[in-house]
Amino acid sequence: MSDSRVRVELLGPTQLLVAGTPASTGGPKLRAILAMLALAGGRLVSVDDLLDGVWGEDLPNTARNTLQYHVGVLRKSLAEHGAADRLITRDPGYALDAETDVARFLELTSAAERSRSAGDADAAAQSLTEALNQWRGEALADLRDFEFADVRAVALSNQRLTSLEMWADAELACGRADALLRPLQDLVTEHPTRERLWEQLMIALYRTGRQDAALSAFQAARAALSRELGVDPSSRLVSLQTAILNHDPKLAPMPALRSMPARKMTQTILARSELVTTPPTLVGPSGQRVALGGDAVVIGRHEDCDLVLPDDQASRRHAQVSPAGAGFVVEDLGSTNGTMVNGTPVTDLTGLHDGDRIEVGHSVIRFVARG
């Protein structure tokens, strides 16, 4: 076995790294084969399972030969970096000896659970920060046309969101409420029906002396739940509102466990601005940010777009945001499924205001005007 460490990154577009150097991953089918082997964690994946995962029910007669060809290309790519022996052929299939960002993410979240159970909130926050920083965008972002990838990506995205909530809990327990405000405000914008995030935002606002803002956050949560799901806030969220109104001592700020700054995420994780003057920005569904300036920004599924969406309901060139006077406008580019702003169809140039939600297919892009 060679000493060249192989790493496959799947929490974002697929990447193959050998000793830290990118290696070619070819087209979608080869990347799908690579992903299936990597997700198996070194276990053997049968030829039949690979054929089913990559071709599904539309299995051509040449599929087995094509699979062998793609495996050969992958082996050649590894061989160019001295790691051909990391791809193992053994009846009835193949195995790949590789690290993955998925495995590292799950390992770190498990470590955080253990730290939390032991009462060490700071260690939990540290592990969760590292876990969340494994993400570079949507899981398996370039493979969502494959059923196996779509199912796994949904599960991983749910685990990421749960980990974000755990991270916020740990930061609150460490007494770092003030540093949580911007991340939580971004998160409730991206996930308006996630009551736990609203609860954490309300607590963080209250603990930083902003009772009125905490109560306003409850009203925003009520409106979002009614609009998106047609339901009222849970009894737990209502109880928190009552506790804030009554200045319940249980909500008092908790002392920091150590004199340390908040654990910092990479920008793509929390989609939050740094505390400096920044230009108006579009924030994509995976946290990707595109600064707005003098040129139009095109949104769509095609890789040449300025903001690329791995969304099968988005057109190749779906919409664009352009400067207009002192602000910005959005227009639909003749897309198949249309564009909406805050739930209203875009039929002409539509002005944008801070916090507006541009809806493209299944994706929501937020317009941030504030510096």
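Residues numbered from 1 in each chain as written. Predicted model: local features only at pLDDT ≥ 70, side-chain atom pairs only at ≥ 80, totals over all residues. Heavy atoms only, no water.

**Q** Teacher, can you tell me more about the packing of aromatic side chains here?
**A** To describe a pair of aromatic rings, one takes the distance between the centres and the angle between the planes. Inspection of the entire model under this criterion finds 3 aromatic pairs. A ring pair is formed by Phe 146 and Phe 148, whose centres lie 6.3 Å apart and whose planes are at 45°; its orientation type is tilted. Note on accessibility: Phe 146 and Phe 148 belong to one class, buried. Seen in terms of ring centroids, Phe 328 and Phe 367 are 6.2 Å apart; in terms of plane orientation they differ by 55°. Their pairing is tilted. Of this pair, Phe 328 sits in strand β13 (residues 327-332) while Phe 367 sits in strand β18 (residues 363-368), placing them 39 residues apart in sequence. Phe 367 matches Phe 328 in its accessibility class, with the two residues each being buried. Stacked on the ring of Trp 135, the Lys or Arg Arg 160 has its end atom at 5.8 Å from the ring centre. (Phe/Tyr/Trp six-rings, centres within 6.5 Å; stacked < 30°, edge-to-face > 60°. Buried < 20%, exposed > 50% of the residue type's maximum accessible area, 1.4 Å probe, protein only. Helix = DSSP H or I, 4+ residues; strand = E, 2+ residues; numbered from the N terminus. Lys NZ or Arg CZ within 6 Å of the ring centre and 35° of its normal.)

**Q** In this structure, what is going on with helix α1 (residues 28-39)? I would like to understand it.
**A** In an α-helix, one full turn covers 3.6 residues, which means residues spaced three or four apart are oriented alike. Its 12 residues give α1 an end-to-end C-alpha distance of 16 Å, which sits within 8% of 16 Å, the value for a rise of 1.5 Å per residue. The element α1 is largely enclosed, with a buried count of 10 among its 12 residues. Within the sequence span of α1, burial applies to Leu 30, Arg 31, Ala 32, Ile 33, Leu 34, Ala 35, Met 36, Leu 37, Ala 38 and Leu 39. Phi for Gly 41, located one or two positions after α1, is positive at around 65°. (Expected span 1.5 Å × (residues − 1).)

**Q** Even after reading the chapter, I still don't get the pairing of strand β5 (residues 87-90), so can you show me in this structure?
**A** A regular strand places its side chains so that they alternate between the two faces of the sheet. Here β5 runs beside strand β6 (residues 93-96); their pairing, made up of 4 bridges, is antiparallel. Residue pairing for β6: Leu 87 is matched across the bridge by Leu 96. In textbook terms, the turn of a hairpin is the stretch between consecutive antiparallel strands, and for β5 and β6 this stretch comprises 2 residues. (Pairing = 2+ DSSP bridges.)

**Q** Where do I start with the sheet that holds strand β1 (residues 6-9) in this structure?
**A** Strands pair in a sheet through their backbones, by hydrogen bonds, and they do so in one of two ways: parallel or antiparallel. Pairing in this open sheet of 4 strands is mixed, and the strands run β3-β2-β1-β7 from one edge to the other. Looking along the sheet, the strands with just one partner apiece sit at the ends: β3 (21-23) and β7 (99-100). As paired elements, β1 and β7 share 2 bridges and run parallel to each other. Looking at the pairing, Val 8 lines up with Thr 100 of β7.

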